[in-house]
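Given next are the chains, with one letter for each unit.
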Amino acid sequence: MAASFVTLFQWRLNSMLLHENEILLGVKDQIKLLISQLDAAGSFTGDVGMILGRESGHGSWASELMGMLRQAEDFVDDFVIRAYGQTEKDRKDSIAEFGKELQNFNSRISEILNRRPPVEAPLMLEEIQRFVRSNISSNEDNETDLVTCMLNYINLPYDLKLSLLFCCAFLRRHYESIDGLVRVLVAAGLVQEKPGELMEDKAQGYIDKLISLGMIVERKFIRDHFKAPSPYFELSPDVMKAEDFFMSTANSDIMVPPTARHVSIYDADNTIPNTNSFLHSLFVSAKDGLPEASSDCLRNVLHNSKLLRVLDLKNTQLESLPDEVGKLVHLRYLRVRFSNITKLPESISNLRNLQTLDIFRCGHEFELSNGVLNLAQLRHLKMSGPIYGEVRVPQGISRLRNLQTLEGIYAGGGIAKELGVMTQLRSLQVSCVSDDHADELYFSVMKLSMLRKLSLTVEKERERASYMYENSFFPCLESFSPPALLQRLRLVGRLIERPLWLGSMENLTKLYMCYSHLSENPTTILQFLPNLKHLQMFKAYKGSRMDKEFFRAGGFPKLEYLHITSHNLVEWTEIEEGALPCLKQLSISDCMELMLLPEGLQHVTTLQILGMWCVHEDLIRRLSPNGGPENYKIKHIPLVTYLGHISSVLGRWTPQ
């Protein structure tokens, strides 16, 4: 990991020169010299030997250099913390001292570089096999897979190695959206910052590459959610331990070694462990929440770990965040999901470097304070109440000029108008849309030329069940026209009529329509969208019949995923041959009146998965491979899963 560490430290120093210009003005030359020293270090072929326990002069030399660089990095981070709490006179003295120490580090690093040993012998397969056998519980069946995965990991470039380890630490055994992975990679400093470039786009490229290599896989029945497959997840804790840089464990009582910079505690059930003072990333995922005493543990962790850049707390059921979080000057990522938090501490306004604030599924009646307006570097603000409820943000939210993601907000009280000047937004999710601000909201959204993702949820009837929108109508959408570059659209609520602009969204790749209850089937126009890949219609069409006009030959040219939920659907008669040429997954749920799947489904040869949930038992019987008369329509599909609405029998069929 020495090569990766060198590069990350180099990127970190370049980023500091961009953002900390004021306090670094007197030591710029020393920092630039340190950057050039790192550049001279070049690649480290000894990294692999260090992982596998190979004894060599190159490995010990790389360890010595890495130890020196860690000291330098910690010294730089500590200086930034001290400098922002000092008077001008004290800061001047600190900068002078900082410059002298940088000179010292540069001299010592130069001396180590001059002692660089010759390049090592190439890696032997037997070494990897020994590593797997001695570190991981395996049998003959999976040893080959583990060795192959280890080879794949070793051959990755440094940026993808680190990205994979972070994904394993972040995902644990769970699934996460690509957007979530991107945000944590950027915050952790795994993406080089360059003026005029969007770091999120580069991180997206890393994730796409790992997906193409099979190192991250998509969830079968919930699209756009990914996890590390079993072999890589099994390898990751031991690779992290060998790298002496990461640590991943299910034991929340374990001692964190002083060299670990990134720690993941998954399935924690009692407490949050004490950590070292040099920790950069902490991921904690609880099984069923943590006891009340864990709040004190968290307070101690935050007090001791002032260099934290990433703090991810999932399912901890915390009632509040301690004030100490506001002292984490370097913090770039704060995620507290599935908690009972109703407000953030006032000290949150001190987090001048925070990029991501994620408080998804927080406590009831959560409301952001004005302190969030001081978070000048904030790029992603993700929120929701306990059941996807809205969160009220303070007026002046448009001051956050770096904000790209704003999700879970209520747009009343003047916020709708402010959105119109936030032209840098790429993702917007608005809940509780109502007549009093809808026109202003639509007008503002049409100005957001950079917008790629939009979600609008209508105000629900308060007297009905909290998750129902059956009788909640969208204010007229005909005056609305979506931004031209929009790729994802989510509409939750009843529509008076089918919006005409739906058929002109040429860049749309994903569409989710929920409770629309349209009398006209939207697929008649959606099938002509050239880039649509993902379509979910949850009670979007209230008609009882779908004919071939809804799935014409050549229709839906790029659609890969189709999900239909409808209590009213009785007949689906035909799919024209040549329609849905790229469909991989078809899901049908709560279609309890549907007795037959359409003729022509047998011609959709790209189908890999058919899911039928809460459907009539007669439909399942007709499709059965054990003599079902309609089986010819689906026998080409590798995986068919089903659940009957009466017997609640869950089953699956695979090719005979």
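Up top is the structure these notes are about.
Residues numbered from 1 in each chain as written. Predicted model: local features only at pLDDT ≥ 70, side-chain atom pairs only at ≥ 80, totals over all residues. Heavy atoms only, no water.

Draft legend 1. Representation of the overall build of the protein. What the protein contains, in helices and strands, is 17 helices and 23 strands. Classification of the 656 residues of the protein by burial places 56% in the buried group. Within the protein, residue pairs in contact and separated by at least 24 positions form 57% of the contacts whose partners lie at least 6 positions apart. (Helix = DSSP H or I, 4+ residues; strand = E, 2+ residues; numbered from the N terminus. Buried < 20%, exposed > 50% of the residue type's maximum accessible area, 1.4 Å probe, protein only. Contact = heavy atoms within 4.5 Å.)

Draft legend 2. Region of the structure containing the environment of R379. By the secondary structure assignment, R379 is in the loop between strand 9 (356-359) and strand 10 (380-383). In this structure the C-alpha to C-alpha distance between R379 and Q424, which are 45 residues apart in sequence, comes to 9.9 Å. For R379, the contacting residues outside a window of four places in its chain are L198, M199, E200, Q355, N402, L403, Q404 and T405.

Draft legend 3. Spotlight on the nonpolar core. Core analysis: the largest hydrophobic core is formed by 120 residues, its most contacted members being L334, L428, L489, F551, L597 and M612. Among all residues touching L428, those that are not within four sequence positions of it are L406, I409, L419, V445, L448, L451, K453, L454 and S455. Counting 48 residues, the second largest nonpolar core, distinct from the first, contains M150, C167, I178 and F226. (Core = buried A, V, L, I, M, F, W, Y, C linked by side-chain atoms within 4.5 Å.)

Draft legend 4. Just the packing of aromatic side chains, in detail. Under the definition given, this model contains 11 aromatic pairs. Geometrically, the ring pair formed by F551 and W572 is tilted, given 5.4 Å between the ring centres and 35° between the ring planes. Of the two residues, F551 sits in the loop between strand 17 (545-546) and strand 18 (561-565) while W572 sits in strand 19 (residues 571-572), which places them 21 residues apart along the sequence. Of the residues examined, F551 reaches a relative accessible area of 0% and is grouped as buried. The rings of F75, F79, F98 and F105 are connected pair by pair, giving a single aromatic cluster. K161 extends its terminal NZ or CZ atom over the ring of Y153, reaching a point 5.5 Å from the ring centre. (Phe/Tyr/Trp six-rings, centres within 6.5 Å; stacked < 30°, edge-to-face > 60°. Lys NZ or Arg CZ within 6 Å of the ring centre and 35° of its normal.)

Draft legend 5. Structural detail: the packing of helix 9 (residues 158-171) against helix 10 (residues 178-187). At a closest axis distance of 10 Å, the pairing of helix 9 and helix 10 adopts a crossing angle of 120°. In terms of their interaxial angle, helix 9 and helix 10 are classed as oblique. Considering how the two elements wind past one another, helix 9 and helix 10 form a crossing that is right-handed. Across the interface between the two elements, S163, F166, C167, F170 and L171 of helix 9 pack against G180, L181, V184 and L185 of helix 10. Tallied by class, the residues present in the contact of helix 9 with helix 10 amount to 7 nonpolar, 2 polar and no charged. (Axes fitted to C-alpha atoms, helices over the stretch in contact; angles between N-to-C directions. Parallel < 35°, antiparallel > 145°, perpendicular 65-115°, else oblique. Left-handed = near helix turned anticlockwise from the far one by under 90°. Nonpolar A, V, L, I, M, F, W, Y, C, P; charged D, E, K, R; others polar.)

Draft legend 6. Spotlight on the layout of surface pockets. One number sums up the size of the second largest pocket: a volume of about 930 Å³. If you trace the second largest pocket, you find 31 residues lining it, with I178, Q204, D224, R488 and K510 closest to the centre. For the lining of the second largest pocket, the secondary structure elements donating two or more residues are helix 10, helix 11 (199-212) and strand 11 (405-410). Top contributing element to the lining of the second largest pocket by residue count: helix 11, with 6 residues. Tallied by class, the residues present in the lining of the second largest pocket amount to 5 nonpolar, 9 polar and 17 charged. (1 Å grid on protein atoms, 1.4 Å probe; cavity = no way out; pocket = protein on both sides within 12 Å on 5 of 7 lines; lining within 4 Å. Points joined across faces, edges and corners; volume = space filled by probe spheres on them.)

Draft legend 7. Structural view of the pairing of strand 20 (residues 585-589). The element strand 20 is extensively covered by neighbouring structure, given that 5 of its 5 residues are classed as buried. Alternating positions in strand 20 separate into two faces, Q585, S587 and S589 on one and L586 and I588 on the other, with burial throughout. As paired elements, strand 18 and strand 20 share 5 bridges and run parallel to each other. Bridge pairing links Y561 to Q585 in strand 20. (Pairing = 2+ DSSP bridges.)

Draft legend 8. Main features of the pattern of salt bridges. Evaluation of the coordinates by the stated rule reveals 23 salt bridges. For D78, the salt bridge goes to R82, with nearest N and O atoms at 3.1 Å. Of this pair, D78 and R82 both sit in helix 5 (residues 57-83), 4 residues apart, roughly one helical turn. Take D78: its relative accessible area is 35%, and that puts it in the partly exposed class. Residue R82 is classed as partly exposed on the basis of its relative accessible area of 30%. For K382, the salt bridge goes to E407, with nearest N and O atoms at 2.4 Å. Of this pair, K382 sits in strand 10 while E407 sits in strand 11, and the two are 25 residues apart along the sequence. Take K382: its relative accessible area is 10%, and that puts it in the buried class. (Salt bridge = Lys/Arg side-chain N within 4 Å of Asp/Glu carboxyl O.)

Draft legend 9. Highlighting the packing of helix 10 against helix 11. Helix 11 packs onto helix 10 with a crossing angle of 120° between their chain directions and a minimal axis gap of 9 Å. By the angle class used here, helix 10 and helix 11 are oblique. Every pair of crossing elements has a handedness; the one defined by helix 10 and helix 11 is right-handed. In contact with I178, L181, V182, L185 and V186 of helix 10, helix 11 contributes M199, E200, A203, Q204, I207, D208 and I211. Residues belonging to the contact of helix 10 with helix 11 are distributed by class as follows: 9 nonpolar, 1 polar and 2 charged.

Draft legend 10. How the structure looks around the sheet that holds strand 2 (residues 217-218). The strand order across the open sheet formed by 3 strands is 1-3-2, and the pairing between neighbours is antiparallel. Edge positions in the sheet fall to strand 1 (176-177) and strand 2, since each has one partner strand and no second. Bridging between strand 1 and strand 3 (residues 225-227) involves 2 bridges; their strand directions are antiparallel. Within the sheet, the bridge partner assigned to S177 lies in strand 3 and is H225.

Draft legend 11. Inspection of unusual backbone geometry at higher detail. Of note in this structure, C432 is not a glycine but carries a positive phi near 60°. Along the chain, C432 falls in strand 12 (residues 427-433). The phi angle at L580 is positive, at roughly 55°, despite the residue not being glycine. Within the fold, L580 resides in the loop between strand 19 and strand 20.

Draft legend 12. Representation of the pairing of strand 7 (residues 310-314) in the model. Burial within strand 7 is extensive, with 5 of its 5 residues counted as buried. As paired strands, strand 6 (residues 281-286) and strand 7 are joined by 5 bridges and run parallel to one another. Each bridged residue has a counterpart across the sheet, and for S281 the counterpart in strand 7 is V310. Summarising the sheet, strand 7 and strand 8 (residues 333-337) pair through 5 bridges and their orientation is parallel. If you follow V310 over to strand 8, its bridge partner there is Y333.

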